[in-house]
Amino acid sequence: MARRQVSWSALVLGTSHGRRTRVSQSLLAMPPLLLIHALLVLAWRQGVLPGATVAWYVAVTLVGCVAFYAAVRSGLGERARVEPSLSAPQMVFAMLCTASAYALCGPYRSALLCLMPLILCFGIFALESRASRALANFGIVLMGGVMAALAAESPQSHPALVEAASWAFLATSMTMMQVLSDRLSRLRSRLTRQKNELSQALERIRLLATRDTLTGLLNRRAAMDELRRAAGQAARHERPLVVALVDLDRFKQINDGHGHQTGDRVLQAFADVAQRELRAEDCVSRWGGEEFLFILPDTSEDEACACLERVLAVCAEIIVDGLPTNWRIGFSAGVARCLGPADLEPAIERADRAMYRAKLAGRGRIHRAQPPETR
Ligand SMILES: Nc1nc2c(ncn2[C@@H]2O[C@H](COP(=O)(O)OP(=O)(O)OP(=O)(O)O)[C@@H](O)[C@H]2O)c(=O)[nH]1
């Protein structure tokens, strides 16, 4: 039963939160419209207006309401890149319905006056100040015109003074409603701006917390998170996972001989090359200083070594501003297989030891770690 209700509401209102809100708001026009219909039926029963007029009014207004419902429900506004709840056209339509009912209702017309300010409320959440001001003015002029025409045409049933007083009250309450709506609209814009600034700030904080500012690579903390995630996935799918610690060779010489900024450029160039040479599912992170951790899912140690050899070859070709053109950027690396989620730190330690062996063996080479049981 509950599932049936949910699917009915999804059918009528849609499933996305925004669409549901907009469609429900559009359907809110129905109760006042049905009241107007009831009032017109009452006026017909009392001989104030012919039944055919009531029938036409009911038909036209219902068709209009259904058309707006269908337009909002189908997302026409979103597709046409206009205000998606179609508030302004719906409000114009509602004002025209109210004004024509006012003209038809005879002695019951004053009951309709409260609807005009109410219609303005529908624009509070969707319209910019200029649009809602224009709509308020439209409503005031429209009702002024209808009232003036009624007073001129049948002064007995629509005394000019009564119509003028009604119009004055209506114009005042609509203007006041417009002022309040304007304030709410400004508040809404400020809140939207603050919300955007907050999400930008959160995104900046997220980047600062997870990225190394110099190279844009994941930092050490984020790399550990990534390794934890990759190890979990590798264990679930029973696939190999390899980590590699890569340390640039004789980096101090670059800093000391060619300046810290040149050193920074080398780090950036290396990060670019490493990212370019690896697959999208691999991860390169800055482990610290001139040290980098590679996380290579679904990769054997042989494949990891081949991949690092390729990166080493490309690095040797890098030309960095501030370094002599014959300078070969190189690194030493240690490769270790990660045996599961409980083997993260030990695998990195094994890779670290292998990397130091590569340094001791003369640099510019890649060493495999000893398997844990034969250490
Ligand atoms: N330019 C720059 N230098 C850095 C950065 N982080 C660390 N370093 C420097 O990197 C150098 C690392 O030097 P060492 O640990 O002696 O390593 P190395 O000179 O590469 O020697 P080997 O690893 O033995 O080949 C130090 O001088 C650090 O100051 C950085 O962000 N930018």
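Residues numbered from 1 in each chain as written. Predicted model: local features only at pLDDT ≥ 70, side-chain atom pairs only at ≥ 80, totals over all residues.

- The name that an unreviewed UniProt entry assigns to the protein chain is diguanylate cyclase, with the source organism given as Rubrivivax benzoatilyticus.
- Taken directly from UniProt, the Catalytic activity (unreviewed entry) text for the protein chain runs: "2 GTP = 3',3'-c-di-GMP + 2 diphosphate". (UniProt positions renumbered as here; feature names shortened; annotations may be inferred.)

**A closer look at the overall build of the protein chain**
Piece 1. When helices and strands are counted, the protein chain shows 14 helices and 5 strands.
Piece 2. The burial tally for the protein chain puts 31% of its 375 residues in the buried class.
Piece 3. A separation threshold of at least 6 residues defines the contact pool for the protein chain, and within that pool the share at least 24 residues apart is 68%. (Helix = DSSP H or I, 4+ residues; strand = E, 2+ residues; numbered from the N terminus. Buried ≥ 20, exposed ≤ 12 C-beta atoms within 10 Å, placed from the backbone. Contact = placed C-beta atoms within 7 Å.)

**Observations concerning the site of the ligand**
Piece 1. Surveying the vicinity of the ligand reveals 16 residues, the closest of which are D249, F251, K252, G263 and G289.
Piece 2. Per-class residue counts for the shell around the ligand are 4 nonpolar, 4 polar and 8 charged. (Near = placed C-beta within 6 Å. Nonpolar A, V, L, I, M, F, W, Y, C, P; charged D, E, K, R; others polar.)

**A word on the nonpolar core**
Piece 1. Of all hydrophobic cores here, the largest spans 49 residues; its most connected members are V243, A244, A333, V335 and A351.
Piece 2. Going through the elements one at a time, helix 10 (220–237), strand 1 (241–248), helix 12 (260–277), strand 2 (283–288), strand 3 (291–297), helix 13 (301–316), strand 4 (331–337) and helix 14 (344–360) are the ones with two or more residues in this core.
Piece 3. Tallying contributions element by element places strand 1 first for this core, with 7 residues.
Piece 4. If we ignore the near neighbours within four places in the chain, the residues touching V243 are L227, L293, F294, I295, A336, C338, A347, I348 and A351.
Piece 5. Ranked by size, the runner-up nonpolar core spans 32 residues in total, among them L40, V72, L135 and M174. (Core = buried A, V, L, I, M, F, W, Y, C linked by C-beta atoms within 7 Å.)

**Description of helix 12**
Piece 1. Over its 18 residues, helix 12 extends 26 Å from the first C-alpha to the last, a length consistent with the 26 Å expected when each residue adds 1.5 Å.
Piece 2. Of the residues making up helix 12, those classed as buried are G263, V266, L267, F270 and A274. The buried residues of helix 12 occupy an angular sector of 100 degrees when the element is viewed end-on, so they sit on one face. Of the residues in helix 12, the exposed ones pointing more than 90 degrees away from the buried face are Q261 and R276.
Piece 3. Buried residues in helix 12 make contact with strand 1, helix 11 (251–258), strand 2, strand 3 and helix 13. (Expected span 1.5 Å × (residues − 1). Arc of directions from axis to C-beta.)

**With respect to the pairing of strand 1**
Piece 1. Among the 8 residues of strand 1, 8 are classified as buried, and the element is accordingly described as predominantly covered.
Piece 2. Here strand 1 pairs with strand 3 via 7 bridges, running antiparallel. For V243, the partnering residue across the bridge sits in strand 3 and is I295.
Piece 3. For strand 1 and strand 4, the ladder comprises 7 bridges, and the chain directions are antiparallel. (Pairing = 2+ DSSP bridges.)

**A closer look at the packing of helix 2 (residues 17–27) against helix 4 (residues 51–73)**
Piece 1. For the pair helix 2 and helix 4, the least separation of the axes is 9 Å and the interaxial angle reads 175 degrees. Overall, the two elements helix 2 and helix 4 adopt an arrangement that is roughly antiparallel. Here helix 2 contributes R22, V23, S26 and L27 to the contact with helix 4, which in turn contributes F68, Y69, V72 and R73.
Piece 2. Residue classes in the contact of helix 2 with helix 4 are distributed as 5 nonpolar, 1 polar and 2 charged. (Axes fitted to C-alpha atoms, helices over the stretch in contact; angles between N-to-C directions. Parallel < 35°, antiparallel > 145°, perpendicular 65-115°, else oblique.)

**Focus on unusual backbone geometry**
Piece 1. With a phi angle near 50 degrees, L86 is a residue other than glycine that sits in the positive phi range.
Piece 2. Assignment of secondary structure puts L86 in the loop between helix 5 (76–79) and helix 6 (87–104).
Piece 3. Classification of L86 by C-beta neighbours within 10 Å gives partly exposed; the count is 19.
Piece 4. A positive phi is found at R250, a non-glycine position, where the angle reads about 45 degrees.
Piece 5. Inspection of the secondary structure assignment puts R250 in the loop between strand 1 and helix 11.
Piece 6. Of the residues examined, R250 has 17 C-beta atoms within 10 Å and is grouped as partly exposed.

**Examining the sheet that holds strand 4**
Piece 1. With mixed pairing, 5 strands are arranged side by side in an open sheet as 2-3-1-4-5. One side of each edge strand has no neighbouring strand; the edge strands of this open sheet are strand 2 and strand 5 (366–368). Along the sheet, successive strands turn relative to each other by an average axial angle of 20 degrees, direction set aside.
Piece 2. By the bridge criterion, 5 bridges tie strand 2 to strand 3 in an arrangement that is antiparallel. In the strand pairing of strand 3, R286 is matched with F292.
Piece 3. Its contacts with the sheet place helix 13 against strand 1, strand 3, strand 4 and strand 5, and it is angled at close to 165 degrees to strand 4.

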